[in-house]
Amino acid sequence: PICAAIRPRPLGARPAPRPPKLQLRMPVQPLGADVELTTARSRAPAVEPAASSPHAVFSDADEHPHHDARHAHHEVPVLSPFAAGTSLMKSMVGSGILALPWALKRFGVVSGLIGMVFTALINVIGIRLLLACRLYLHDIDSRASPKSEGAEAEDVTLVPRSTDASEDPSRDSKGASEAISLNPYEEVASRIIGPRFAGVANFLLAFTQLGVCTAYADTVTKTVTDYVPGTPRLPVIFAIWVAMTAAGFLRGLNDVSWIAQAGLMCYGTVFLSLAVNGVPRAAELGADEGGSELVLVDWSGFGWYFGISMFAFEGIGTVLPIVEEMRTFARPERFRRVVDVTYVVAFFLYSAVGFLGYVCYREETESLILFNFPPGTLTDVTRWSMAAMFLFTFTVQIYPIHHMFDEFYAEYTDRDAEAYSFLEKLCLRGGLVLVPCGIAVLVEDVGPIIDLVGSLSFSFLGIIAPAVMYHRIHAAELSRAGAASLSGLVFVGVAGGLIGAVSPFVFPETE
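A. Just the overall build of the protein chain, in detail. Broken down by element type, the protein chain carries 17 helices and zero strands. Going through the 511 residues of the protein chain one by one, you find that 53% of them count as buried. Of the contacts formed within the protein chain by residues at least 6 apart in sequence, a portion of 86% connects residues at least 24 apart. Total accessible area on the protein chain stands at roughly 21,800 Å², and carbon and sulfur atoms take up 66% of it.

Here it is as structure tokens:
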């Protein structure tokens, strides 16, 4: 019903005039122009809502009037659907999946499993809304570009990039994807709503990355202190700070991303440890007549659950870069199928880990299921491999934030980033890495961090912002049911985010 409601009213029910060729306060740079990668404050102004036929959000049919055979001929996919789904899954699977058993412990196993269906659904809806907004802007650029008139042209994109690969040393045969804007989400938000709205999105994206890095630093620190008794936390976090500051001097993501991708195989050891160690423990708890019972429903844990499940299921930060790499603007149903299949797989995977982890350890379930595994060779391999993977992924997660702060500093000093001295770069890298490491010193448990990031950042980026942007574009074509459904999504994002944000303080872990 939600999908049917959000679909705009068919054109046959209420004809809409064909939109003007371009409805922008300022023209958009066509493909081929030399454009600098700037922050939201200097990006193009907001888009005026057009009365055009809106892009379908939930249909697999191609309903884009400007996506003709000419565009389809040139939109040769660079990223296959399988690779796109794998990339989306990589962005989702992280420390959130390890916290799902604890989330079910707080919210209840029945309500938690039902809640996963709801969480996956609203995230898919948010991704489809964002994709529809991106396609709308793509059509505007297609009509604005002189190349779209008569002569065949390559796919027009909003993402600023250089026309000459030699101008960007980071754009080689192995790293062409680095020429894509590190934050295309900000680009879409800036053009549809405005720079201030994009600034909020940009801030929350940075908050998300730093929060994830904090969770990684906490997990690595706990692993070291558990295996080296008597080791204080502060020296371990200081060593992480030094290592991550040094890693910030790497020139590009190609230097570290392959390590993080290989590290995802470490999750296989987590599943194996859960099966080998957890199942016998579940049998012991089941045989113990005085053991704790499974919690089926506990509404006091809704806030904790909402934040952690949003953290686990959210992949909207990588959606637009993947769409750019697939080059499927003429046939967006390809990417919609990728999203659907990926989230179905994620749902079953997350449900299995959450259910098995909580059933096996019940009241003993820790904030990360890693900490429940008993001593042994398999546990040692699992925890140390995950610690190494988190450490490498820390570098990948904070790389875009380094790039963002370099831009701000370049604007402040009116100098190019390549002209920075070693001391300036050291201060920028070290100061930024100090933020997650400093939070890790103050907050020893990763549970509240994951909950806050999921509640505040992903509620806005994954639910609220896509619904607001879609309504901004298609307000005139939406039926009452569609507008009400979008309002409902915004309400879920706001209410869930606020409840989740206050839960660590109102319902602490010890209760």
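The structure having been displayed, the exposition proceeds.
B. View of the packing of helix H11 (residues 302-313) against helix H16 (residues 446-474). It is the contact of H11 with H16, at a shortest axis distance of 7 Å, that shows an interaxial angle of 65 degrees. The orientation of H11 with respect to H16, classified from their angle, is roughly perpendicular. Where H11 crosses over H16, the two elements pack in a sense that is left-handed. Contact residues: Gly 303, Trp 304, Phe 306, Gly 307, Ile 308, Met 310 and Phe 311 in H11; Gly 447, Pro 448, Ile 450, Asp 451, Val 453, Gly 454, Ser 455, Phe 458, Ser 459 and Ile 463 in H16. When grouped by side-chain class, the residues that make up the contact of H11 with H16 number ten nonpolar, six polar and one charged.

C. Expanded view of the pattern of salt bridges. Evaluation of the coordinates by the stated rule reveals eight salt bridges. Between Glu 444 and Arg 233 there is a salt bridge, with its nearest N and O atoms 3.9 Å apart. Pair noted here: Glu 444 is in the loop between helix H15 (422-442) and H16 and Arg 233 is in helix H8 (residues 233-247), with a separation of 211 residues, a long-range link. For Glu 444, a relative accessible area of 53% gives the class exposed. Through salt bridges with shared partners, a single ionic network connects Asp 218, Arg 233 and Glu 444.

D. Looking closely at the nonpolar core. With 116 residues, the main nonpolar core has Leu 98, Tyr 185, Phe 335, Tyr 343, Tyr 350, Met 386 and Met 469 as its most contacted residues. Counting residues per element, this core draws most heavily on helix H5 (residues 109-144), at 16 residues. In this view, Tyr 350 contacts Met 92, Val 93, Ile 97, Leu 100, Met 116, Ala 312 and Phe 313; residues no more than four positions away in its chain are not counted.

E. Looking closely at the confidence of the model for the protein chain. Put simply, the protein chain has an average pLDDT of 76, and 71% of its residues get 70 or more. A low-confidence stretch, residues 60-77 (pLDDT under 50), is modelled with 47 contacts involving residues beyond four sequence positions or located in other chains. Per-residue pLDDT stays below 50 along residues 148-182; that stretch engages in 72 contacts with residues further than four places along the chain or on separate chains.

F. Highlighting helix H13 (residues 333-361). In this model H13 runs 42 Å from its N-terminal to its C-terminal C-alpha over 29 residues, within 8% of the 42 Å that 1.5 Å per residue would give. Positive phi appears at Arg 362, one or two residues downstream of H13, with a value of about 50 degrees.

G. Up close: the packing of aromatic side chains. Under the counting rule described, the total for this entry stands at 14 aromatic pairs. Their ring planes at 50 degrees and their centres at 5.4 Å tell us that Tyr 227 and Trp 384 sit as a pair that is tilted. One end of the pair, Tyr 227, is in helix H7 (residues 195-227); the other, Trp 384, is in helix H14 (residues 377-413), and 157 residues separate them in sequence. Exposure remark for Tyr 227: the relative accessible area of 28% places this residue in the partly exposed category. By relative accessible area, Trp 384 is classed as partly exposed at 39%. Through pairs of rings, three or more aromatic residues link up here, namely Phe 107, Trp 299, Phe 302, Tyr 305 and Phe 306. Residue placement shows Lys 222 over the ring face of Phe 371; its charged tip is 4.9 Å from the ring centre.

H. Structural context of the environment of Met 244. Mapped onto the secondary structure, Met 244 falls in helix H8. Using a relative accessible area of 6% as the deciding quantity, one classes Met 244 as buried. In this structure, the C-alpha to C-alpha distance between Met 244 and Gly 430, residues 186 residues apart in sequence, is 8.1 Å. When sequence neighbours within four positions are dropped, the list of residues in contact with Met 244 reads Leu 391, Phe 394, Thr 395 and Val 433.

I. Highlighting unusual backbone geometry. Its identity is not glycine, yet Arg 362 carries a phi of approximately 50 degrees, on the positive side. Within the secondary structure layout, Arg 362 lies in the loop between H13 and H14. With a relative accessible area of 12%, Arg 362 lands in the buried category.

J. Spatial organisation of the side chain of Thr 245. Tracing the backbone through its elements, the reader meets Thr 245 in helix H8. Take Thr 245: its relative accessible area is 5%, and that puts it in the buried class. The residues contacting Thr 245, other than those within four sequence positions of it, are Leu 426, Arg 429, Gly 430 and Val 433.

K. Up close: helix H17 (residues 480-506). Helix length check: H17 (27 residues) gives 37 Å between terminal C-alpha atoms against 39 Å at 1.5 Å per residue, within 8%. Taken residue by residue, H17 has Gly 482, Ser 485, Leu 486, Leu 489, Gly 493, Gly 496, Gly 497, Gly 500, Ala 501, Ser 503 and Pro 504 as its buried positions.

L. Quick peek at the environment of Gly 303. You can see Gly 303 is positioned in helix H11. On the basis of relative accessibility, which here comes to 1%, the residue Gly 303 falls in the buried class. Along the backbone, Gly 303 and Ala 103 are 200 residues apart, and their C-alpha atoms lie at a distance of 9.5 Å. Excluding residues that lie within four positions of it along the chain, Gly 303 makes contacts with Asp 451, Ser 455, Ile 499, Gly 500 and Ser 503.

Rules of the game
- Residues numbered from 1 in each chain as written.
- Predicted model: local features only at pLDDT ≥ 70, side-chain atom pairs only at ≥ 80, totals over all residues.
- Heavy atoms only, no water.
- Helix = DSSP H or I, 4+ residues; strand = E, 2+ residues; numbered from the N terminus.
- Buried < 20%, exposed > 50% of the residue type's maximum accessible area, 1.4 Å probe, protein only.
- Contact = heavy atoms within 4.5 Å.
- Areas by Shrake-Rupley, 256 points an atom, 1.4 Å probe, with all protein chains shown as cover.
- Axes fitted to C-alpha atoms, helices over the stretch in contact; angles between N-to-C directions.
- Parallel < 35°, antiparallel > 145°, perpendicular 65-115°, else oblique.
- Left-handed = near helix turned anticlockwise from the far one by under 90°.
- Nonpolar A, V, L, I, M, F, W, Y, C, P; charged D, E, K, R; others polar.
- Salt bridge = Lys/Arg side-chain N within 4 Å of Asp/Glu carboxyl O.
- Core = buried A, V, L, I, M, F, W, Y, C linked by side-chain atoms within 4.5 Å.
- pLDDT = per-residue confidence, 0-100.
- Expected span 1.5 Å × (residues − 1).
- Phe/Tyr/Trp six-rings, centres within 6.5 Å; stacked < 30°, edge-to-face > 60°.
- Lys NZ or Arg CZ within 6 Å of the ring centre and 35° of its normal.

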